[in-house]
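Residues per chain, in single letters:
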Amino acid sequence: MTNRTDSPDALEAVGLGRRYRRGWALRDCSFRLPAGRICALVGPNGAGKTTLLSLAAGLLEPSTGTIRLGGQAARSAEARQHTAFLSQEKALYTRFRVSDTLRIGRELNPIWHQETAERVIAAGNVPMDARVGTLSGGQRTRVAFALALGKRPRLLLLDEPMADLDPLVRRQMTDTLMTEAARHGSTVVMSSHLVSELEGACDFLVLINNGTVRLAGDVAELIGAHRTVSAPDAHADRLAKLPGQTTVETRSAGGRTTALIRPRGPLTADVEPVLPSLEELLLAHLRTDDAPPLITPTARAGARREVTV
């Protein structure tokens, strides 16, 4: 049985834009993120990712459009109470002990969960009586995550807080994040340049380039809407003659030409399409500025969801 629901999404942006003196950092940004998803926010430097996360966290005010979290305006007290934002800078008081840092989190957040915060700290063997300034980069990141997760946020916004960590610690922190998010049903938006690490962690994707949304939706839906086709360089003209198909990118390497396409109808018999990997999909779109945007039904702002019960 299929019912329709108008329950609020974790995040919905409609016509969202932010302009600085130098120009638009984000413009006409419209998409929605259903609750309970782990979303990868991807784009080159300067694409608008940090601006989008700052708008969602209520640190900036939109120049145009709206952004709502759980149906509430992003800058409202209700939205801020249920949202945690963690940036790459990880602002912590270096002279405070770890225990003092958690105490401040407990005093400032009415829905604070001390057990969650202490569990995150203990998993990294971080001494509670150590001063934050004496900790390693990985340990400080763990303290910052403990503060964010101890808040038990409905929405957790991450602006590359693990970019300065080595691969092993980054994997450990990602596993901790996934475990705690699943435990509390949190929605996570994770900005990252590490495309290869997103594939196993995220089930939703938003790709921003030049301040606009180029891809948004379920990872499986986005991958399923594309195909990779290839041919020897001597027969590369076959890939240029795919009637009714949308070509995202064509590249030549190792004597073969490969194209990423969005099929719009049957392909010719001499072409064997295969599903791309998430990394192939993202890299092709990051290298191509003029590919038509794709917002799947799951991610369309204002769309009504269908839930099977």
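For every chain, the first residue of the written sequence is number 1, and numbering continues from 1 along that sequence. Only residues with pLDDT of at least 70 are given local features in this predicted model, and only at 80 or more are side-chain atom pairs given and counted; all residues enter the totals for whole chains, interfaces and linings. Hydrogens are left out, water is left out, and the side-chain values use all remaining heavy atoms of the structure.

- Looking up the protein chain in an unreviewed UniProt entry gives the name ABC-2 type transport system ATP-binding protein, with the organism given as Streptomyces pseudovenezuelae.

## Remarks on the sheet that holds strand E13 (residues 246-253)
Here's step 1: One open sheet holds the three strands; their spatial order is E12-E14-E13, and the pairing between them is antiparallel. Each of the sheet's edge strands pairs with one partner strand only, and the pair in question is strand E12 (227-232) and E13. The sheet shows a mean angle of 20 degrees between the axes of neighbouring strands, direction not considered.
Here's step 2: The sheet contact formed by E12 and strand E14 (residues 256-262) spans six bridges and is antiparallel. In the sheet register, Ser 230 faces E14, and the bridge partner there is Thr 258. Only when DSSP finds a minimum of two bridges between them are two strands counted as paired. To qualify as a helix, a DSSP run of H or I must reach at least 4 residues; to qualify as a strand, a run of E must reach at least 2; elements of each kind are numbered from the N terminus. Working convention: axes come from line fits to C-alpha atoms, limited for helices to the stretch in contact. Angles between N-to-C directions cover 0 to 180 degrees.

## Description of the pairing of strand E10 (residues 204-209)
Here's step 1: Relative accessible area decides the class of each residue, using a 1.4 Å probe on protein chains only: under 20% of the type maximum gives buried, over 50% gives exposed, and in between gives partly exposed. Across the six residues that make up E10, a large majority, six, are buried.
Here's step 2: The two faces of E10 match: Phe 204, Val 206 and Ile 208 on one face and Leu 205, Leu 207 and Asn 209 on the other face are all buried.
Here's step 3: Where strand E4 (residues 38-42) and E10 come together, four bridges link them in parallel fashion. Bridged to Val 42 within E10 is Leu 207.
Here's step 4: The pairing of E10 with strand E11 (residues 212-218) spans six bridges and is antiparallel. When the bridges of E11 are listed, Val 206 appears paired with Ala 216.
Here's step 5: In this structure, the hairpin formed by E10 and E11 is closed by a connection of two residues, where Asn 210 is found at a positive phi of approximately 55 degrees.

## Looking at the pattern of salt bridges
Here's step 1: What counts as a salt bridge is simple: a side-chain nitrogen of Lys or Arg found within 4 Å of a carboxyl oxygen of Asp or Glu. Considering all chains together, one arrives at 13 salt bridges under this definition.
Here's step 2: The partner of Glu 115 in a salt bridge is Arg 119, and the shortest N-O contact between them spans 3.5 Å. Placement of the pair is Glu 115 and Arg 119 together in helix H4 (residues 114-123), with a separation of four residues, close to one helical turn.
Here's step 3: Looking at Arg 119, the relative accessible area reads 25%, which means it is partly exposed.
Here's step 4: Because the salt bridges share partners, they merge into one network encompassing Glu 115, Arg 119, Glu 180 and Arg 183.

## With respect to the sheet that holds strand E6 (residues 72-73)
Sheet strands associate in pairs through backbone hydrogen bonding, adopting either a parallel or an antiparallel arrangement.
Here's step 1: Judged by pairing direction, the sheet is antiparallel, and its four strands sit side by side in the order E3-E2-E5-E6 without closing on themselves. Both outer strands of the open sheet, strand E3 (23-33) and E6, are each paired with one neighbouring strand and no more.
Here's step 2: Examined bridge by bridge, strand E2 (residues 11-20) and strand E5 (residues 64-69) share four bridges and lie antiparallel to one another. Directly across from Gly 17, in E5, lies its bridge partner Thr 64.
Here's step 3: It only takes one pair of heavy atoms within 4.5 Å for two residues to be counted as in contact. Contacts from helix H1 (residues 49-56) reach E2, E3 and E5, with the element oriented near 115 degrees to E2.

## What about the environment of Gly 137?
Here's step 1: Note that Gly 137 resides in helix H5 (residues 137-150).
Here's step 2: Along the backbone, Gly 137 and Pro 243 are 106 residues apart, and their C-alpha atoms lie at a distance of 53 Å.

## Looking at unusual backbone geometry
Negative phi is the rule for most residues except glycine; trans is the rule for most peptide bonds.
Here's step 1: With a phi close to 50 degrees, Lys 90 is a non-glycine residue in the positive phi region.
Here's step 2: One can find Lys 90 in the loop between strand E7 (83-87) and helix H3 (98-108).
Here's step 3: The class for Lys 90 is buried, based on a relative accessible area of 11%.
Here's step 4: Positioned with a positive phi, Glu 160 is a non-glycine residue whose angle comes to about 50 degrees.
Here's step 5: Within the secondary structure layout, Glu 160 lies in the loop between strand E8 (155-159) and helix H6 (167-184).

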